[in-house]
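Each chain, written out:
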Amino acid sequence: MRILSRKCRFLSFAGRFQLISSVLASMNVYWASVFKLPISTVLEIENICRGYLWSGGDVVKVKAKIKWKVVCTPKEVGGLGLKDLRKWNGVLLAKHVWNIVNKKNSLWIRWIYLFHIKNRNFWDIEVKKNYCWTWKRFLNVRGTLRPFIVSCIGNGESTSLWHDWWHPIGILSMIIPRREWIGAGFDDKARVADLVSDNQVCWPDRWLEKYPGLIDGPMFCNEVGINDKILWRDKDGKCKAFSCKQTWDDVNGFGPRVPWKFGIQVSGRSVGDIIKKLVLAGCVSHIWHERNMRQFRAISRSVFAVISCIEKEIQLKLLGMKKEVKSMKEEVKNCWGINGSKQKENE
């Protein structure tokens, strides 16, 4: 195995973590996006990653500093940013559910509707023992995704009146008993268009008295005559484009953000971006060097001495950037001491 090789065993904690997050955690993405991974397989993978992270390959429980559950939480809430494989597996399968609901034009979706769904609604199918293992896993994922998949009403011809979430009060099959549908002359195949007359939804009078919320219009509306659409509604109630990242953020409630989390993302080539990169690299390098000097040689410097070294290093690097220096403003040059007068004084 890769993590048990001699080179990988002697990596630092940061190196082992980077190897897990960038290589090991991505090796199972393909299979996790195809079918539900067995729990025993997930636990075995987590044990290998956990043992390698804390002890360099040996599965020793006592060496773990924090719970693996905390490690597999975003950095914004105090974790290390790894993904829980079991939850990530469910999120990857959500893409298949999204394609089924949207009736994507693919051979597999057509096969699903022909042999499994047939004339029923996807949300109303009961899980039976004689179903194949993979199909049952897809049906089980529905409960997690149901609050986020809603219908935008256009002509109302493709939206189920009872099983799709199109009304503000919720899914009507969970609010109005089935016997009342049958008594009012409806069946499971009823569409929203069956109730629309002159661009208005006409409910039976006794239902309006019993369920006052029915008088409200659809939750999301499209232009009249346009086909209905399936939308992804995030945890804040806003419609977003579907993606696995969006699903991961909405499905998992990780809790409030920690106040000490910070992040620096610099991707530009402007003078300001270059200075930010130099400051970040200088701080990391000198703080790490100071840590090693104190721990291994018992030599320490003051905070001001470390800051002075960082500033001097950035100043020297900026002096070597002739093109960037020419485009700098005078106040930036004066701040870092790289204007003409100070260069001559230094010489």
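Residues numbered from 1 in each chain as written. Predicted model: local features only at pLDDT ≥ 70, side-chain atom pairs only at ≥ 80, totals over all residues. Heavy atoms only, no water.

Asks: It is not clear to me how the overall build of the protein chain should be interpreted in this structure. Could you clarify?
Replies: Helices and strands together make up the secondary structure of the protein chain, namely 16 helices and six strands. Expressed as a percentage of its 347 residues, the buried residues of the protein chain come to 36%. Long-range pairs, those at least 24 residues apart, make up 58% of the contacts in the protein chain with a sequence separation of at least 6. Carbon and sulfur atoms form 56% of the exposed surface of the protein chain, whose accessible area is close to 22,100 Å². (Helix = DSSP H or I, 4+ residues; strand = E, 2+ residues; numbered from the N terminus. Buried < 20%, exposed > 50% of the residue type's maximum accessible area, 1.4 Å probe, protein only. Contact = heavy atoms within 4.5 Å. Areas by Shrake-Rupley, 256 points an atom, 1.4 Å probe, with all protein chains shown as cover.)

Asks: So what exactly am I meant to see when it comes to the sheet that holds strand S5 (residues 229–233) here?
Replies: Sheet strands associate in pairs through backbone hydrogen bonding, adopting either a parallel or an antiparallel arrangement. Pairing is mixed in the open sheet, where four strands are placed in the order S4-S1-S5-S6. With one partner strand each, in any of the chains shown, strand S4 (220–221) and strand S6 (239–240) form the two edges of the open sheet. Bridge analysis of S5 against S6 gives two bridges, and the strand direction is antiparallel. Its bridge partner being in S6, Arg233 is matched across the sheet by Cys239. Running at roughly 150 degrees to S5, helix H6 (residues 85–101) makes contact with strand S1 (149–153) and S5 of the sheet. (Pairing = 2+ DSSP bridges. Axes fitted to C-alpha atoms, helices over the stretch in contact; angles between N-to-C directions.)

Asks: Could you clarify how one ought to interpret helix H11 (residues 244–251) in this entry?
Replies: Residues separated by three or four positions in an α-helix point in the same direction, a consequence of the helix having 3.6 residues per turn. Looking only at H11, the buried set comprises Gln246, Thr247, Trp248 and Asp250. Buried residues in H11 make contact with H6, helix H8 (133–145), S5 and S6.

Asks: Where do I start with the packing of aromatic side chains in this structure?
Replies: In this description, a pair of aromatic rings is defined by centroid distance and the angle of the planes. A complete count under the given rule lists 17 aromatic pairs for this structure. With a centroid separation of 6.3 Å and an interplanar angle of 10 degrees, the aromatic rings of Trp166 and Trp203 are classed as stacked. One end of the pair, Trp166, is in the loop between S1 and helix H9 (178–183); the other, Trp203, is in the loop between strand S3 (200–201) and helix H10 (205–210), and 37 residues separate them in sequence. For Trp166, a relative accessible area of 1% translates into the label buried. On the basis of relative accessibility, which here comes to 8%, the residue Trp203 falls in the buried class. Pairwise contacts between aromatic rings join Trp162, Trp166, Trp181, Phe186, Trp203 and Trp207 into one cluster. The ring of Phe122 carries Arg142 above its face, with NZ or CZ at 5.6 Å from the centroid. Its end group placed over the ring of Trp123, Arg146 keeps NZ or CZ at 4.1 Å from the ring centre. (Phe/Tyr/Trp six-rings, centres within 6.5 Å; stacked < 30°, edge-to-face > 60°. Lys NZ or Arg CZ within 6 Å of the ring centre and 35° of its normal.)

Asks: Just checking my understanding: could you explain unusual backbone geometry for this structure?
Replies: Residues other than glycine predominantly adopt negative phi, and peptide bonds predominantly adopt the trans conformation. With a phi close to 60 degrees, Lys118 is a non-glycine residue in the positive phi region. Relative to the elements of secondary structure, Lys118 occurs in the loop between helix H7 (107–117) and H8. Although it is not a glycine, Ala298 sits at a positive phi angle of roughly 60 degrees. Take Ala298: it is sitting in the loop between helix H12 (271–296) and helix H13 (303–319).

Asks: What's the story with the environment of Trp98 in this structure? I'm lost.
Replies: The residue Trp98 is located in helix H6 in this model. For the pair Trp98 and Trp232, spaced 134 residues apart in sequence, the C-alpha to C-alpha distance is 9.2 Å. For Trp98, the contacting residues outside a window of four places in its chain are Ile149, Ile230, Leu231, Trp232 and Phe242.

Asks: Is there a simple way to explain the pairing of S1 in this structure?
Replies: Each regular strand shows side chains that alternate between the opposite faces of the sheet. For S1, the buried fraction is high: five of the five residues fall into the buried class. Across the two faces of S1 the burial is the same, with Ile149, Ser151 and Ile153 and Val150 and Cys152 all buried. As paired strands, S1 and S5 are joined by four bridges and run antiparallel to one another. Residue pairing across strands places Cys152 opposite Lys229, the latter belonging to S5. In this sheet, S4 lies alongside S1 in parallel orientation, the contact comprising two bridges. Note that in S4 the partner of Ile153 across the bridge is Cys221.

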